[in-house]
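Residues per chain are reported as follows:
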Amino acid sequence: MSLLDFASHNSFERAVSPFREMAAYEALWTEQGATFKTIADKFRNAQGCVLPSELVSDSTIETFKSKMKNILDRYKVEDFGVRVHGAGEYPEKLRDARHPIEVLYYQGWWDLVNTPSVAVVGSRKVSEEGVRRTRKLVKCLVSDGFTIVSGLAEGVDTCAHRTALEMGGKTIAVIGTPLSHNYPKQNVDLQKTIRENYLLISQVPFQRYLDQDYRSNRIFFPERNITMSALTKATIIVEASDTSGTLTQARAALAQGRKLFILESCFQNSSISWPAKYEAQGAIRVRDYDDIRNNLDLSCV
């Protein structure tokens with residue numbers, strides 16, 4: 001039995017068919033000009049509507065059921081699950097996001113969502129010192145019992161996931177592609193390891209992603225950073241440029257009331273200005289690991 005089938009037999013607050021809601025969500029994403037904001041606005045403005053299927057006609061849902069079956073078969077997407085707002089094990093902490101995600105797709109061990117977790121993120125073109133700092137940081141977090149969350153991108157993300165695995169820790173990847181795709185290509189095996197043994201999460205609609213070119217699909221990467229922040233107790237930035245997508249997560253963490261940690265080395269980098277800006281807004285400067293440990297509640301770990 002696939003995770004999708006299993007989910008449909010869980011004890012939901014309402015009787016919900018995950019595949020039906022998935023089809024409805026995919027249909028909403030094919031509407032002209034659809035974004036995470038416009039879809040969130042639809043739910044805010046539709047009084048009494050909770051599920052995607054309440055915003056889409058039955059005939060359209062049936063059409064998208066067929067479309068989704070074809071996509072899942074074509075890309076051999078198996079053993080996956082769907083989490084829908086208002087039903088079952090949807091993580092309520094996601095509602096802290098400015099434009100909350102209504103539907104999530106996942107593969108792996110869903111219960112990891114409920115473990116104490118910290119996001120470790122940063123530059124795709126990470127320096128050697130950045131790699132060293134990431135490894136040292138993740139080893140400390142794993143030793144303290146935290147699940148390591150990152151975005152499976154090159155650089156800091158990859159180093160964070162791999163170090164967590166090497167340390168025998170737990171990790172969650174929140175990706176910027178549908179479950180049907182891999183990015184970057186060199187992380188195909190890492191993505192497979194995470195989905196089979198830990199947890200892989202995507203909020204990216206299959207059909208919309210396939211309908212667009214890579215330039216339009218870039219928007220899904222910073223958007224997944226917002227979800228990554230909402231899912232975790234804190235975000236730690238190892239290194240990032242002034243134009244890095246990582247700063248989307250910095251803004252989200254502060255807006256969502258999450259802890260934001262910035263390594264001291266970022267403040268010492270004279271070529272960037274963002275660390276001081278976010279420190280003034282409440283981010284915590286990290287001179288050593290105790291600055292993190294003392295600001296996180298270890299009693300829940």
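The structure displayed is predicted, hence computed values, not measured ones.

Rules and cut-offs
- Residues numbered from 1 in each chain as written.
- Predicted model: local features only at pLDDT ≥ 70, side-chain atom pairs only at ≥ 80, totals over all residues.
- Heavy atoms only, no water.
- Core = buried A, V, L, I, M, F, W, Y, C linked by side-chain atoms within 4.5 Å.
- Buried < 20%, exposed > 50% of the residue type's maximum accessible area, 1.4 Å probe, protein only.
- Helix = DSSP H or I, 4+ residues; strand = E, 2+ residues; numbered from the N terminus.
- Polar contact = N/O pair within 3.5 Å; in protein donor to acceptor, adjacent residues only side chain to side chain.
- Contact = heavy atoms within 4.5 Å.
- 1 Å grid on protein atoms, 1.4 Å probe; cavity = no way out; pocket = protein on both sides within 12 Å on 5 of 7 lines; lining within 4 Å.
- Points joined across faces, edges and corners; volume = space filled by probe spheres on them.
- Nonpolar A, V, L, I, M, F, W, Y, C, P; charged D, E, K, R; others polar.
- Salt bridge = Lys/Arg side-chain N within 4 Å of Asp/Glu carboxyl O.
- Pairing = 2+ DSSP bridges.
- Axes fitted to C-alpha atoms, helices over the stretch in contact; angles between N-to-C directions.
- Lys, Arg positive; Asp, Glu negative; His and termini not counted.
- Right-handed = clockwise from strand over helix to strand, strands pointing away.

1. Things to note about the nonpolar core
Nonpolar side chains in soluble globular proteins tend to end up buried together.
Okay, step 1: Ile-201, Phe-206 and Trp-274 are the most contacted members of the largest nonpolar core, which totals 69 residues.
Okay, step 2: Here the element with the most residues in this core is helix 2 (residues 18-29); it accounts for seven residues.

2. Some remarks on the side chain of Thr-115
Okay, step 1: Here Thr-115 is to be found in the loop between strand 2 (103-108) and strand 3 (117-121).
Okay, step 2: Of the polar contacts made by the side chain of Thr-115, one reaches the side chain of Thr-147; its length is 2.7 Å.
Okay, step 3: If near-sequence neighbours (up to four positions away) are discounted, Thr-115 is found in contact with Thr-147 and Lys-170.

3. Regarding the layout of surface pockets
Okay, step 1: A volume near 420 Å³ is recorded for the largest pocket.
Okay, step 2: Arg-124, Tyr-183, Arg-218, Phe-221 and Arg-224 are the residues nearest the centre of the largest pocket, which is lined by 20 residues in total.
Okay, step 3: Of all the secondary-structure elements, those providing two or more residues to the lining of the largest pocket are helix 9 (214-217) and helix 10 (220-231).
Okay, step 4: Here the lining of the largest pocket takes four residues from helix 10, the largest share from any one element.
Okay, step 5: Classifying every residue of the lining of the largest pocket by side-chain character gives eight nonpolar, eight polar and four charged.

4. A short note on the pattern of salt bridges
Okay, step 1: Summed over the entire model, instances satisfying the criterion amount to 18 salt bridges.
Okay, step 2: In this structure, Arg-44 and Asp-41 form a salt bridge, with 2.6 Å as the shortest nitrogen-oxygen distance. Of this pair, Arg-44 and Asp-41 are both found in helix 3 (residues 36-45), three residues apart, which corresponds to roughly one turn of the helix.
Okay, step 3: Relative accessible area serves as the criterion here: at 42%, Arg-44 is assigned to the partly exposed category.
Okay, step 4: The salt bridge involving Arg-293 is made with Asp-290; its shortest N-O contact spans 3.3 Å. In this pair, Arg-293 and Asp-290 both sit in helix 14 (residues 290-293), three residues apart, roughly one turn of the helix.
Okay, step 5: Assessed through its relative accessible area of 31%, Arg-293 is described here as partly exposed.

5. What to know about the sheet that holds strand 3
Okay, step 1: An order of 1-2-6-5-4-3-7-8-9 is seen for the nine strands of this open sheet, with the pairing classed as mixed. In this open sheet, the two strands that pair with only one neighbour each are strand 1 (81-84) and strand 9 (284-286). Each neighbouring strand pair of the sheet contributes to a mean axis angle of 25 degrees, computed without reference to strand direction.
Okay, step 2: The pairing of strand 7 (residues 234-237) with strand 8 (residues 259-263) spans four bridges and is classified as parallel. Each residue of the ladder has a partner; that of Ile-236, found in strand 8, is Phe-261.

6. Things to note about the pairing of strand 1
Okay, step 1: Of the two faces of strand 1, the one lined by Gly-81 and Arg-83 and the one lined by Val-82 and Val-84 are each fully buried.
Okay, step 2: One ladder, built from four bridges, connects strand 1 with strand 2; its direction is antiparallel. Directly across from Arg-83, in strand 2, lies its bridge partner Leu-104.

7. A closer look at the side chain of Glu-239
Okay, step 1: On the secondary structure map, Glu-239 appears in the loop between strand 7 and helix 11 (246-255).
Okay, step 2: Although Glu-239 lies buried, it forms no salt bridge, and the closest oppositely charged side chain, Arg-133, sits 4.6 Å away as judged by the N-O distance.
Okay, step 3: One polar contact links the side chain of Glu-239 to the main-chain amide nitrogen of Ser-127, over a distance of 2.8 Å.
Okay, step 4: If we skip the residues at most four places from it in the chain, Glu-239 touches Gly-122, Ser-123, Lys-125, Val-126, Ser-127, Gly-130, Val-156 and Cys-266.

8. Brief notes about the pairing of strand 6 (residues 199-202)
Okay, step 1: The two faces of strand 6 match: Leu-199 and Ile-201 on one face and Leu-200 and Ser-202 on the other face are all buried.
Okay, step 2: Summarising the sheet, strand 2 and strand 6 pair through four bridges and their orientation is antiparallel. Following the sheet pairing, Tyr-105 is matched in strand 6 by Ser-202.
Okay, step 3: You can see the chain leave strand 5 (residues 171-175), run along helix 7 (residues 188-197) and come back into strand 6, and the turn it takes is right-handed.

That's the geometry; what it means functionally is another story.
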